[in-house]
Amino acid sequence: MALNNELYEFFMSRTWQLSEDWYAMVDDKDPSSVYSTNNPDIIAELKRQNQEYFLRFYKLFTKGEAHLQGEFRKWSQDLADDAKHLETPLHYVIREYMNSQKVALKYINQFIRQNEERVSLEQALSWYETTINAFNLSIAIFVESYYKKTMLRLTSQNDLINELSSPVIKLQGDSALLPLIGDIDTARAKIILENTLTQCVEQGVSSLCIDLSGVAIMDTMVANELFNLIKALKLIGVRTTLSGIRPEIAQTAVQLGLKFENVAILPSLTQALDSIKHS
């Protein structure tokens, strides 16, 4: 335990030097990386964060596992939630964790050389294990936070794409157009149903043209969802016109036995729009 305390004091007397040594290893030209900055304030903040991390790391040699799972874990989580680091490509952040670990191990080796007659192999290996476990924990916490943020961003982008891919475009009076383009799977079909009903109510639509000329393939599940959309529109008082139905889609509808009663069906979008104009 005495050697652990001495190692802690050894680190504390060199704490700023460790951060300077770490920053001297930074060689980043990618503008998307926080480490590529030339802004002195951001550089100072990076060094401060690095020093704060090291300060908590040193305590592991005197406080052990309780500190690892307590204050050290919390600080690692706070650093992982830092916006500048979460906007930096993941491999750059991992690289700097590994560089910081190299610095820590370098100073541990320096302490061992200065006290080689007193430090046993078992003690040295214990310090190495403590260091590796600490940095592995921090990296794992950061990767988890990075993953969660990435998934939230992807979900938000997918929601936006789905919303934009099923726009209800207001035409003259209370008429509107819903142009559907691209592949439609069951999940997207359900989103189209929800978005269309909401937008029709919000925009006061009473006549909607659904154009399918941009849809090449529609399976039985999606065709059924389209039929449900038409029925739901009818329930909220919206008349539906279908246009641009391809032969493959028509065949699917026939196989399903879907009957588009009270639904105007026109071969092209142009004819559908003319019909709306003169209605």
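Our structure's up above, just so we're on the same page.
We now turn to the structure provided with this report. (Residues numbered from 1 in each chain as written. Predicted model: local features only at pLDDT ≥ 70, side-chain atom pairs only at ≥ 80, totals over all residues. Heavy atoms only, no water.)

A word on a nonpolar patch on the surface
Then step 1. Together, Y147, M151 and L154 make up a nonpolar patch on the protein surface, roughly 290 Å² of accessible area in all.
Then step 2. If you trace the backbone, M151 turns up in helix 7 (residues 121-164). (Patch = residues over 30% accessible without salt bridge, like charges linked within 9 Å, V, L, I, M, F, W, Y side chains within 5 Å. Areas by Shrake-Rupley, 256 points an atom, 1.4 Å probe, with all protein chains shown as cover. Salt bridge = Lys/Arg side-chain N within 4 Å of Asp/Glu carboxyl O. Helix = DSSP H or I, 4+ residues; strand = E, 2+ residues; numbered from the N terminus.)

Quick word on the sheet that holds strand 4 (residues 239-243)
Then step 1. The strand order 1-2-3-4-5 describes an open sheet built from 5 strands, whose pairing is mixed. The two strands at the open ends of the sheet, each matched to only one other strand, are strand 1 (169-170) and strand 5 (264-266).
Then step 2. Where strand 4 lies against strand 5, 3 bridges are found, and the strand directions are parallel. Paired with L242 across the strands is I265, a residue of strand 5.
Then step 3. Along the sheet, helix 8 (residues 186-203) makes contact with strand 1, strand 2 (175-181) and strand 3 (207-214), crossing strand 2 at roughly 165 degrees.
Then step 4. Most of the contacts of helix 9 (residues 220-235) go to strand 3, to which it runs at about 165 degrees, and overall it touches strand 2, strand 3 and strand 4. (Pairing = 2+ DSSP bridges. Contact = heavy atoms within 4.5 Å. Axes fitted to C-alpha atoms, helices over the stretch in contact; angles between N-to-C directions.)

Quick word on the packing of aromatic side chains
Then step 1. This structure, assessed with the given rule, holds 18 aromatic pairs.
Then step 2. With a centroid separation of 5.9 Å and an interplanar angle of 25 degrees, the aromatic rings of F11 and F61 are classed as stacked. With F11 in helix 1 (residues 2-12) and F61 in helix 4 (residues 60-80), this residue pair connects regions lying 50 residues apart in the sequence. The pair F11 / F61 is uniform in exposure class, with both members buried.
Then step 3. Of note, R56 hangs over the ring of W75, and the distance from its end group to the ring centre comes to 4.4 Å. (Phe/Tyr/Trp six-rings, centres within 6.5 Å; stacked < 30°, edge-to-face > 60°. Buried < 20%, exposed > 50% of the residue type's maximum accessible area, 1.4 Å probe, protein only. Lys NZ or Arg CZ within 6 Å of the ring centre and 35° of its normal.)

By themselves, these are just geometric observations and shouldn't be taken as functional.
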